[in-house]
Amino acid sequence: MRLKDKIAVVTGGAKGLGQAMAELFAKEGAKVVAVDMGDLSYSNPNVEGYKLNVTNSEDCKKFFDYMVEKYGKIDILVNNAGITKDAMTRKMTDEQWDLVIDVNLTGVFNLTRFIGPHMQTMGGGSIISISSIVGEYGNIGQANYAATKAGVLGLTKTWAKEFGMKGGNVRVNAIAPGYIMTDILKTVPQELLDGFAKQTMIGRLGQPEEIANAALFLASDEASYVTGHTLSVNGGMRL
Ligand SMILES: NC(=O)c1ccc[n+]([C@@H]2O[C@H](COP(=O)([O-])OP(=O)(O)OC[C@H]3O[C@@H](n4cnc5c(N)ncnc54)[C@H](O)[C@@H]3O)[C@@H](O)[C@H]2O)c1
């Protein structure tokens, strides 16, 4: 019960990494509110589903107010909702660029701008944002995605300073996953995925639970002296 009595928000919580994190956090004693623009179906009574598009800043404020009124506090925020719209730069449309920036970058800002200061006022908290190996190293055909995931690393360091000021005790970290088996990889050809697996030291792609375990560490008091950090969880892909 490493998150006993904690109140956690996980965005993009309907499937993939978000679902794995929501379920693990609940198993470890947290009350989790899983936020998604898609349908949420959890049988676990400790996970509540809340429909929200994180690109809508007014709705994000309403969600924050709802959380404070219902639970009185938020201890953990995982900014996980994210999308890809891949294209080579010369072919990338305005729509592909804007959509990815809106969800992966503005969506992260929209909730953290309320929840970060709230945690600071409450005397502590843990914010985790899901970046990517693509944000660390770049990737052909993903200029929009790489920009957002590198942007998340800049936000993480900035917020570790801002919300940690004056004894705020808010820890802000990022996780940079390698290639993890979820729906986001559905459009990636199998031969490319096989190639990625061969580039790792572990010899395979990752599982959602392996990211959830890293998030659990950063969310819990075991990481009480870890802030402003990016935890790469990629099977040693870039060694
Ligand atoms: N799976 C990987 O290999 C991998 C690697 C590196 C980083 N990531 C990142 O991890 C995060 C989760 O990805 P995943 O693999 O679980 O993908 P996924 O597609 O399985 O799940 C993403 C979830 O985010 C939700 N979502 C999308 N736009 C939203 C919005 N505007 N508002 C609210 N919810 C929204 C979707 O409905 C979906 O439930 C993303 O930020 C992704 O970029 C994934």
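Small disclaimer: the values here were computed from a predicted structure and weren't measured.

Visitor: Describe the pairing of strand β2 (residues 31–36), with residues and values.
Guide: By the criterion of burial, β2 is predominantly enclosed, with five of the six residues buried. Here strand β1 (residues 7–11) runs beside β2; their pairing, made up of five bridges, is parallel. Pairing of Val9 across the sheet is with Val33, part of β2. Between the parallel elements β1 and β2, the chain passes through helix α1 (residues 16–27) in a crossover that is right-handed. Bridge count between β2 and strand β3 (residues 47–51): five bridges; the pairing is parallel. Residue Val35 lies in a different strand from β3, and its bridge partner there is Tyr50.

Visitor: Break down the packing of helix α3 (residues 94–122) against helix α5 (residues 143–162) for me, citing the residues and quoting the values.
Guide: Look at α3 against α5: their axes get within 8 Å of each other, and the N-to-C directions meet at 15°. With respect to α5, the element α3 is oriented roughly parallel. You can see that α3 and α5 cross each other, and the crossing is right-handed. Contacts from Gln96, Trp97, Val100, Ile101, Asn104, Leu105, Val108, Thr112 and Gly116 in α3 reach Asn144, Tyr145, Thr148, Lys149, Gly151, Val152, Leu155 and Trp159 in α5. Considered class by class, the residues forming the contact of α3 with α5 number nine nonpolar, seven polar and one charged.

Quick notes on the rules
- Residues numbered from 1 in each chain as written.
- Predicted model: local features only at pLDDT ≥ 70, side-chain atom pairs only at ≥ 80, totals over all residues.
- Buried ≥ 20, exposed ≤ 12 C-beta atoms within 10 Å, placed from the backbone.
- Helix = DSSP H or I, 4+ residues; strand = E, 2+ residues; numbered from the N terminus.
- Pairing = 2+ DSSP bridges.
- Right-handed = clockwise from strand over helix to strand, strands pointing away.
- Axes fitted to C-alpha atoms, helices over the stretch in contact; angles between N-to-C directions.
- Parallel < 35°, antiparallel > 145°, perpendicular 65-115°, else oblique.
- Left-handed = near helix turned anticlockwise from the far one by under 90°.
- Contact = placed C-beta atoms within 7 Å.
- Nonpolar A, V, L, I, M, F, W, Y, C, P; charged D, E, K, R; others polar.

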